[in-house]
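A closer look at the structure
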Amino acid sequence: MQRWPSQEAAIAHLEQVRWHGRPVCPYCQSDKVCPHASKDKKLPRWQCQSCHRAFSVTVGTIFHHTHLPLQTWFLALAIMLNAKKNVSNAQLARDLGLPYKTAWALALRVREAMLTDPEQRRLFEGIVEMDEVYIGGKPRPSNDKQGKQGGGHKRGRGTDKMPVVGVVERHGRAFAKAVAKTALSAGHMTAFVRRYVDAARAVVMTDEYAGYRGLKAITQHYAINHSVAYVDGNTHTNTIDGFWALIKRAWYGQHHHYSPKWADHYISETTYKYNNRTNDHVFHDLMRHMVGVAV
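Being a predicted model, the structure only gives us computed values, none of them experimental.

Our next topic: the sheet that holds strand E1 (residues 33–35). Spatial strand order, E1-E2-E3: 3 strands in an open sheet with antiparallel pairing. Either end of the sheet is taken by a strand with one partner, and the two such strands are E1 and strand E3 (54–55). Both strand E2 (residues 46–48) and E3 contribute to a ladder of 2 bridges, which runs antiparallel. Bridging from a neighbouring strand, Trp46 pairs with Phe55 of E3.

What follows is the structure in structure tokens.
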């Protein structure tokens, strides 16, 4: 709020981030533009002299069609990036003085930007740890299917919780994705590695789950037997276990529930901040991505 004390200052900053001081029409990419005679002082518009269309700095970006001041967006970015264990939509609504649904929609757009971060498309290489985790809580007494069957609350791969599969570069990036329980077979795990890991330039570390047995056919693969030891020389999955701790803390402490439709958006919030944990310019990098400028 000290850096952008007014709406005008926030707009000027966004125009600088997107256009570097020289507005360009988002419809025809022409730089022949002039100020538009708009009465909307909250969001100044420009007039393209080539295609004759009017536009503002938010057209074609995640900020498009927003009725919120850009200061509110900037503050929301700062709050979400600063919360190591994530921030709930309800907390964000209280901090910003917004209705819950408005805060939810705002946070959804931010998480969409985190989910589509270009770094996620770069294949993982080097020593890559792979594992799966199960997100959720114990069932309530009124919906305790496992308890009624007399089997108690099953843990691990026998649970009804949501499976999440992930990979982490040792001393590097992470990626995680919610999957269906039927997608934990050897074929699905092999396909996951083919999609997200550079098999020719990676060494994959896992536990001894049978679903990973097919990895030796496509890449170097080492498995650690956790019933014997958690570390065997350089073979371990401690890095991804630490990453899972952040994923779980975000669920237990903030979100409490992930629907299959939006689970990856919430997971991406933790992943994005983990991948940028040493990046002092993460706020500006995320903003550039939100307006479509290559980082």
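Its 16 residues give helix H4 (residues 100–115) an end-to-end C-alpha distance of 22 Å, which sits within 8% of 22 Å, the value for a rise of 1.5 Å per residue. For H4, the set of buried residues is Ala103, Leu106, Ala107, Leu108, Val110, Arg111, Ala113 and Met114. Buried residues in H4 make contact with helix H2 (70–82), helix H3 (89–96), helix H7 (238–255), helix H8 (263–275) and helix H9 (282–290).

A few words on a positive patch on the surface. A cluster of basic residues, Lys84, Lys85, Lys248 and Arg249, forms a positive patch at the surface. Checked against the element boundaries, Arg249 lands in helix H7.

One face of the sheet, then the other: side chains in a regular strand alternate in exactly this way. The buried count for strand E6 (residues 174–178) comes to 4 of 5 residues, which makes it a mostly enclosed element. Pairing analysis gives 5 bridges linking strand E5 (residues 162–169) to E6, with the strands arranged antiparallel. Within E6, the position partnered with Val165 by the bridge is Lys177. Counting the residues in the hairpin turn of E5 and E6 gives 4 residues, including His171, whose phi is positive at 65°.

Moving on, we come to the packing of aromatic side chains. Inspection of every chain in the model, using the stated rule, returns 14 aromatic pairs. Ring centres of Phe243 and Tyr274 lie 5.1 Å apart, and the angle between their planes is 65°; on these two criteria the pair is classed as edge-to-face. With Phe243 in helix H7 and Tyr274 in helix H8, this residue pair connects regions lying 31 residues apart in the sequence. As far as burial versus exposure is concerned, Phe243 and Tyr274 are alike and both buried. Through a chain of ring-to-ring contacts, the aromatic side chains of Trp4, Phe74 and Phe283 assemble into a single cluster. In this arrangement the basic side chain of Arg53 is found over the ring face of Tyr27, its NZ or CZ atom lying 3.7 Å from the centre.

Parameters at a glance
Residues numbered from 1 in each chain as written. Predicted model: local features only at pLDDT ≥ 70, side-chain atom pairs only at ≥ 80, totals over all residues. Heavy atoms only, no water. Pairing = 2+ DSSP bridges. Helix = DSSP H or I, 4+ residues; strand = E, 2+ residues; numbered from the N terminus. Expected span 1.5 Å × (residues − 1). Buried < 20%, exposed > 50% of the residue type's maximum accessible area, 1.4 Å probe, protein only. Contact = heavy atoms within 4.5 Å. Patch = residues over 30% accessible without salt bridge, like charges linked within 9 Å, V, L, I, M, F, W, Y side chains within 5 Å. Areas by Shrake-Rupley, 256 points an atom, 1.4 Å probe, with all protein chains shown as cover. Salt bridge = Lys/Arg side-chain N within 4 Å of Asp/Glu carboxyl O. Lys, Arg positive; Asp, Glu negative; His and termini not counted. Charge placed at Lys NZ, Arg CZ, Asp CG, Glu CD. Phe/Tyr/Trp six-rings, centres within 6.5 Å; stacked < 30°, edge-to-face > 60°. Lys NZ or Arg CZ within 6 Å of the ring centre and 35° of its normal.

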